[in-house]
Amino acid sequence: ERQAMASDALIAASSTANSGLSACSNNRGKALYDCVAGVLDRLSNEISPANVPNTQRSLQSAASQLRAATTKAQALSAISQCQSAIAGALRQVKAAGGGAYIQGWGDGGLSAIAGVLSRAASLIQSKG
């Protein structure tokens, strides 16, 4: 029950975040990094009810680093660090049987978060 709720929350929040990233696509450089940071902060806030503090911290850290970024390399590094953390949690989920709930991270809904981060990285790569 808790797993399904967490997964649903992560997936729903990721869908909203993808819409937010679409709105960021009109920006370039620092304005883009700040826009993506805002999307990641909102995503972190929206998944709060799922009780996944590690996932939230990773997103908040990426948002903070994006706000501080002044170059494309710095912005991509911020996203990359968050992607690594999420990928590590996804490996734990898969190793534990696919649908497992990993304390502090969540479950299969993490793949939706990973998709948002991938899209953010692509956006920064092309317009940053």
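This text follows the structure it describes.
Now for a look at the structure at hand. Just so we're clear, the structure is a prediction, and the values are computed from it rather than from any experiment.

Calculation notes
Residues numbered from 1 in each chain as written. Predicted model: local features only at pLDDT ≥ 70, side-chain atom pairs only at ≥ 80, totals over all residues. Heavy atoms only, no water. Axes fitted to C-alpha atoms, helices over the stretch in contact; angles between N-to-C directions. Helix = DSSP H or I, 4+ residues; strand = E, 2+ residues; numbered from the N terminus. Parallel < 35°, antiparallel > 145°, perpendicular 65-115°, else oblique. Contact = heavy atoms within 4.5 Å. Buried < 20%, exposed > 50% of the residue type's maximum accessible area, 1.4 Å probe, protein only. Nonpolar A, V, L, I, M, F, W, Y, C, P; charged D, E, K, R; others polar. Salt bridge = Lys/Arg side-chain N within 4 Å of Asp/Glu carboxyl O.

As a packed pair, helix α2 (residues 29-46) and helix α5 (residues 110-127) sit with axes 10 Å apart at the nearest point and diverge in direction by 175°. In terms of orientation, α2 lies roughly antiparallel with respect to α5. The segment α2 lies against α5, with G29, L32, Y33, V36, L40 and L43 engaging I113, V116, L117, A120, L123, I124 and K127.

On to the environment of S64. In this structure, S64 sits in helix α3 (residues 53-68). By relative accessible area, which is 45% here, S64 ends up partly exposed. Taking the C-alpha atoms as reference points, S64 and L40, separated by 24 residues in sequence, lie 9.4 Å from one another.

Let us now look at the environment of A89. Within the fold, A89 resides in helix α4 (residues 72-95). Along the backbone, A89 and A120 are 31 residues apart, and their C-alpha atoms lie at a distance of 19 Å. If we ignore the near neighbours within four places in the chain, the residues touching A89 are I102, W105 and L110.

Relative orientation and spacing of two packed helices are given, respectively, by the angle between their axes and the distance between those axes. Interhelical geometry of α3 versus α4 gives an angle of 175° and a closest axis separation of 8 Å. The pairing of α3 with α4 is recorded here as roughly antiparallel in orientation. Contacts between α3 and α4 involve T55, S58, L59, A62, Q65, L66 and A68 from the first element and Q74, A75, A78, I79, Q81, C82, A85 and I86 from the second. When the residues that make up the contact of α3 with α4 are grouped by side-chain class, the tally is 10 nonpolar, five polar and no charged.

Turning our attention to the pattern of salt bridges. Using the criterion set out here, one finds two salt bridges in the structure. When the shortest N-O distance is used, the salt bridge between K30 and D34 registers 3.3 Å. Of this pair, K30 and D34 are both found in helix α2, four residues apart, which corresponds to roughly one turn of the helix. Judged by its relative accessible area of 33%, D34 falls in the partly exposed class. Across the salt bridge formed by D41 and R67, the nearest N and O atoms sit 2.7 Å from each other. Here R67 lies in helix α3 and D41 lies in helix α2, a separation of 26 residues in the sequence. The exposure class assigned to D41 is partly exposed, which follows from its relative accessible area of 23%.

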